[in-house]
Amino acid sequence: MLYKRSSALFAEAEKVIPGGVNSPVRAFKAVGGTPIFVKKAKGTYLYDEDDNRLIDYIASWGPMILGHAYEPVVKAVKERAESGTSFGIPTALETEIAKLAVQMVPGIDKIRFVNSGTEACMSAVRLARGYTGKEKIIKFSGCYHGHSDAFLIQAGSGAVTFGSPNSPGVTKGTAKDTLLAPYNDLDAVKELIKANPGEIAAIIIEPVAGNMGCVLPNPGFLEGLREACDLHGILLIFDEVMTGFRLARGGAQELLGVKADIVTFGKVIGGGLPVGAFAANSEIMSHLAPDGPVYQAGTLSGNPLAMAAGMAMLKELNERPDVFKSLEEKTAYLHKGLLKVLNDSGKVFCINRIGSMISVHFTEEVFDFESAAKGNNETFKMFFHGMLKEGVYLPPSAFESWFLNDALSYEDLDHTINAANKVLRGL
Ligand code: KE4
């Protein structure tokens, strides 16, 4: 595996783009080395600028659930582009995809399209604050809801704390309204609600967390949040930017059987083009401009090109529910194979998996951010680069979920398992 051209391209990029990337996680800071540059992709394969072929386990961080350059999506985008890419004027296509999303996702009557998961989550919180008239939100350490100020808040010391900014530029004024609790810690949430009576507008959570590796909700945790929200007039926001249209046709709400008040989407809903969305019942959504006073807008929101990609993607998933079963079976197969080679390696590890989301951690167990942070990062770095050399592209950080796509064959999965075996033996 040679990365000569990627390294040269990275050096060029660094001259004109901060850190050489348009999103930090791509820069390989968590694993070291220089990022590869992709020339093209098809199905489950990435082809980098040095003509290495790599089996892709990030799927553009989720969107490419059916594989890259998926024909129906490509065709839809090509055709739509001929008629113009954006008007800033309503199109029938926006209503079509909105109707399909509302039909696929439990508990929503209306949906507003935006351009990213960040925008979706940021707007959902504003809507919750406007709807309830309250200002504070609860988020969970290790959950990522995009880079809006209110979310860039890291727990300080202690299990439950007032937020403190973990990025310069986030003001103390913002941080004070973001309360933090450890994932899976219902008592901590109840403590925060007790300490802030009548002040909490929303609890926002990834129903299955994917930004500290893949972390599953303990049995009863989400149900407990639902109950606490109902008891205290707090809105429950499920950030399904990762899990939406991936864990099931109706996302985590369908798979886990817990209903949120507002649901946010991104990634898969755009079929690889920039689309985010947030949705709720008609009553809550009636508070959103232009119907209601909560303002939210976007020049390219619902633009025809992105809607065409998203529509083609959702139609496929809606008409082929077997895809979710196929993805579940492939992920279970990968899990089983990795379990064997990791056991044989003698290393301390755990594997978290649900649907087509999976992650390997070099520590005993991972159920929240603190336990995830105990993972042996040095081992992960060597594992990552070893797998890359074997033609397998994993997320370049232990704090990310792997995303399977349905173009993966069982031969690809066997290659991945055999590669892991070879790499682990060498560590
Ligand atoms: P975007 O603004 O990046 O489209 O979505 C933000 C977001 C919101 N909610 C969840 C649960 C998310 O996972 C994300 C974005 N996910 C990361 C991957 N961990 C995007 C990758 C990146 O930052 O480049």
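The structure presented is a predicted model; accordingly, all values stated were derived computationally and were not measured.

1. What about the nonpolar core?
Here comes step 1: Ranked by internal contacts, the top residues of the largest apolar core, which has 115 residues, are Y57, F140, L225, F245 and L317.
Here comes step 2: It is helix α10 (residues 304–319) that contributes the most residues to this core, 10 residues altogether.

2. Brief notes about the domain arrangement of the chain
Here comes step 1: When cut into domains, the chain gives domain 1 (4–69 + 322–426) and domain 2 (71–319).
Here comes step 2: Here the C-alpha centroids of domain 1 and domain 2 sit 25 Å apart.
Here comes step 3: Contact with domain 2 buries surface across domain 1, with F324, I354 and M357 losing the most and accounting together for 26% of the total.
Here comes step 4: Summed over the shared surface of domain 1 and domain 2, the result is 0 salt bridges.
Here comes step 5: The tally of links from domain 1 across to domain 2 stands at 9 residue pairs in polar contact (both at pLDDT 80 or more).
Here comes step 6: The element that contributes the greatest number of residues to the side of domain 1 that touches domain 2 is strand β15 (residues 357–361), accounting for 4 residues.

3. Observations regarding the site of the ligand
Here comes step 1: Taken together, 16 residues sit near the ligand, with S23, T118, N211, D239 and E400 positioned nearest.
Here comes step 2: The side chain of T118 places a nitrogen or oxygen atom 2.6 Å from an oxygen atom of the ligand.
Here comes step 3: Note that a nitrogen atom of the ligand is positioned 2.7 Å from one of the side-chain N or O atoms of D239.
Here comes step 4: Alone, the ligand offers 540 Å² of accessible surface; in the complex the protein occludes 85% of this.
Here comes step 5: Broken down by class, the residue content of the shell around the ligand amounts to 5 nonpolar, 7 polar and 4 charged.

4. Some details on empty space enclosed by the protein
Here comes step 1: Within the structure shown, the criterion is met by 1 cavity of 30 Å³ or more.
Here comes step 2: Of the voids in this model, the largest cavity is the one considered here, and its volume is about 80 Å³.
Here comes step 3: Every residue along the wall of the largest cavity is listed here: V360, H361, F362, A372, G375, N376, N377, F380, A398 and F399.
Here comes step 4: Within the residue set of the lining of the largest cavity, elements represented by two or more residues are β15 and α13 (377–389).
Here comes step 5: Of the residues belonging to the lining of the largest cavity, the class tally is 6 nonpolar, 4 polar and no charged.

5. A closer look at the layout of surface pockets
Here comes step 1: Put simply, the second largest pocket is a space of about 660 Å³.
Here comes step 2: Considering the residues around the second largest pocket, the lining is formed by 27 residues, among which E94, A98, I111, R112 and F113 are closest to the centre.
Here comes step 3: Only α3 (92–104) and β4 (110–114) provide two or more residues apiece to the lining of the second largest pocket.
Here comes step 4: For the lining of the second largest pocket, the leading source of residues is α3, giving 5 residues.
Here comes step 5: Split by residue class, the lining of the second largest pocket holds 12 nonpolar, 9 polar and 6 charged.

6. Thoughts on unusual backbone geometry
Here comes step 1: Here the amide bond leading from A289 into P290 is cis, since omega sits at 5°, within 30 degrees of zero.
Here comes step 2: Notably, F28 is not glycine yet its phi reads approximately 65°, a positive angle.
Here comes step 3: The exposure class assigned to F28 is buried, which follows from its relative accessible area of 1%.
Here comes step 4: Not every positive phi belongs to a glycine, and A59 is a case in point at roughly 50°.
Here comes step 5: The exposure class of A59 is buried, given its relative accessible area of 0%.

7. Things to note about the environment of T299
Here comes step 1: Relative to the helices and strands, T299 resides in the loop between α9 (282–285) and α10.
Here comes step 2: Distance from T299 to V114, taken between C-alpha atoms, is 9.1 Å for residues 185 residues apart in sequence.
Here comes step 3: Contact partners of T299, with chain neighbours within four places excluded, come to S86 and G88.

8. So, the pattern of salt bridges
Here comes step 1: Summed over all chains, the structure comprises 17 salt bridges.
Here comes step 2: For D177, the salt bridge identified is with K136, shortest N-O distance 3.9 Å. Of this pair, D177 sits in the loop between α5 (172–175) and β9 (178–181) while K136 sits in strand β5 (residues 136–140), and the two are 41 residues apart along the sequence.
Here comes step 3: D177 gets classed as buried once you look at its relative accessible area, which sits at 11%.
Here comes step 4: Residue E316 is joined to R320 by a salt bridge in which the shortest nitrogen-to-oxygen separation is 3.5 Å.
Here comes step 5: A single salt-bridge network, built from bridges that share partners, covers K136, K176, D177 and E199.

9. Some details on the sheet that holds strand β17 (residues 402–403)
Here comes step 1: Read across the open sheet, the 3 strands follow the order β14-β15-β17; overall the sheet is antiparallel. If you trace the sheet from one side to the other, it starts and ends with β14 (350–354) and β17, each paired once.
Here comes step 2: As paired elements, β15 and β17 share 2 bridges and run antiparallel to each other. Note that in β17 the partner of M357 across the bridge is F403.
Here comes step 3: Contacts between helix α11 (residues 322–345) and the sheet are confined to β14, β15 and β17, with β14 contributing the most and set at about 175° to the helix.

10. Digging into the packing of aromatic side chains
Here comes step 1: Counted by the stated rule, this structure contains 12 aromatic pairs.
Here comes step 2: Ring centres of F245 and F265 lie 5.1 Å apart, and the angle between their planes is 40°; on these two criteria the pair is classed as tilted. Pair noted here: F245 is in the loop between β11 (235–239) and α8 (251–256) and F265 is in strand β12 (residues 262–265), with a separation of 20 residues, a long-range link. Accessibility assignment for this pair places F245 and F265 in one class, buried.
Here comes step 3: Residues Y333 and Y410 carry aromatic rings whose centres are separated by 4.9 Å and whose planes lie at 90° to one another, so their mutual orientation is edge-to-face. Separated by 77 residues along the polypeptide, Y333 in helix α11 and Y410 in helix α14 (residues 410–426) bring together distant segments of the chain.
Here comes step 4: Accessibility expressed as a relative area gives 33% for Y333, which makes it partly exposed.

Reading the values: the criteria
- Residues numbered from 1 in each chain as written.
- Predicted model: local features only at pLDDT ≥ 70, side-chain atom pairs only at ≥ 80, totals over all residues.
- Heavy atoms only, no water.
- Core = buried A, V, L, I, M, F, W, Y, C linked by side-chain atoms within 4.5 Å.
- Buried < 20%, exposed > 50% of the residue type's maximum accessible area, 1.4 Å probe, protein only.
- Helix = DSSP H or I, 4+ residues; strand = E, 2+ residues; numbered from the N terminus.
- Domains from an automatic or database assignment.
- Buried area = accessible area lost by both parts, 1.4 Å probe.
- Salt bridge = Lys/Arg side-chain N within 4 Å of Asp/Glu carboxyl O.
- Polar contact = N/O pair within 3.5 Å; in protein donor to acceptor, adjacent residues only side chain to side chain.
- Near = heavy atom within 4 Å.
- Areas by Shrake-Rupley, 256 points an atom, 1.4 Å probe, with all protein chains shown as cover.
- Nonpolar A, V, L, I, M, F, W, Y, C, P; charged D, E, K, R; others polar.
- 1 Å grid on protein atoms, 1.4 Å probe; cavity = no way out; pocket = protein on both sides within 12 Å on 5 of 7 lines; lining within 4 Å.
- Points joined across faces, edges and corners; volume = space filled by probe spheres on them.
- Contact = heavy atoms within 4.5 Å.
- Pairing = 2+ DSSP bridges.
- Axes fitted to C-alpha atoms, helices over the stretch in contact; angles between N-to-C directions.
- Phe/Tyr/Trp six-rings, centres within 6.5 Å; stacked < 30°, edge-to-face > 60°.

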